[in-house]
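Here's the letter readout for the chains.
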Amino acid sequence: MKLCRLDQLKEGESAGVVKLYCLGSIRRRLQDMGLVSGSRVTSLGRSPLGDPAAYDICGAVLALRDDDAHNILVVKDVWYGA
């Protein structure tokens, strides 16, 4: 297992969400978008200027700023969700 932050995933890499390191409304918003422990995330690419990046989360494409993606701990190449 290789732990890293979501913003460190390269285009095409997938990972499983381990933990969110944020509080309050942003934490709730990320959870509502499907970023919960065990969910699968795939990096789809970055905008031309590098921020934000697009991710496939539970079948939906979401754009996250690096500041927010940095607060999400993932494990690469492993999907342990249902």
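What counts as what
Residues numbered from 1 in each chain as written. Predicted model: local features only at pLDDT ≥ 70, side-chain atom pairs only at ≥ 80, totals over all residues. Heavy atoms only, no water. Helix = DSSP H or I, 4+ residues; strand = E, 2+ residues; numbered from the N terminus. Rg over C-alpha atoms; globule rule 2.2 N^0.38 Å. Buried < 20%, exposed > 50% of the residue type's maximum accessible area, 1.4 Å probe, protein only. Core = buried A, V, L, I, M, F, W, Y, C linked by side-chain atoms within 4.5 Å. Contact = heavy atoms within 4.5 Å. Salt bridge = Lys/Arg side-chain N within 4 Å of Asp/Glu carboxyl O.

J.: Explain the overall build of the protein residue by residue, including any values.
T.: What the protein contains, in helices and strands, is two helices and six strands. Against the globule reference of 12 Å for 82 residues, the protein gives a C-alpha radius of gyration of 11 Å, in line with a compact fold. Projected onto its principal axes, the C-alpha positions of the protein cover 35 × 30 × 20 Å. Expressed as a percentage of the 82 residues in the protein, the buried residues total 38%.

J.: Mind laying out unusual backbone geometry, listing which residues take part and the relevant values?
T.: Here D51 and P52 are connected by a cis peptide whose omega angle stands at 15 degrees. With respect to the helices and strands, the residue P52 is situated in the loop between β3 (40-46) and β4 (53-57). In this structure, C58 is a non-glycine residue whose phi angle is positive, near 55 degrees. You can see C58 is positioned in the loop between β4 and β5 (60-64).

J.: How would you explain the nonpolar core if you had to name every residue and give the values?
T.: Counting 18 residues, the largest nonpolar core has L6, L35, Y55 and I72 as the members making the most contacts within it. The set of elements that each furnish at least two residues to this core consists of β2 (14-20), β4, β5 and β6 (72-76). Once residues lying within four places of it in the same chain are set aside, the contact partners of L6 are V41, Y55, L64, A69, I72 and V74.

J.: Kindly report on the pattern of salt bridges, identifying the contributing residues and their values.
T.: For the structure shown, the criterion picks out four salt bridges. In this structure, E13 engages K76 in a salt bridge whose closest nitrogen and oxygen atoms are separated by 3.6 Å. With E13 in the loop between β1 (2-5) and β2 and K76 in strand β6, this residue pair connects regions lying 63 residues apart in the sequence. For E13, a relative accessible area of 22% puts it in the partly exposed group. One salt bridge connects D66 with R46, and the closest N-O pair in it is separated by 2.6 Å. Placement of D66 in helix α2 (residues 66-69) and of R46 in strand β3 is noted, with a sequence separation of 20 residues between them. For R46, a relative accessible area of 42% puts it in the partly exposed group.

J.: Give a detailed account of the side chain of K76, specifying residues and quantitative values.
T.: Look at K76 and you get buried, because its relative accessible area is 13%. If sequence neighbours within four positions are ignored, K76 has contacts with K2, C4, L9, E13, S14 and A15.

These values are about where atoms sit, not about what they do.
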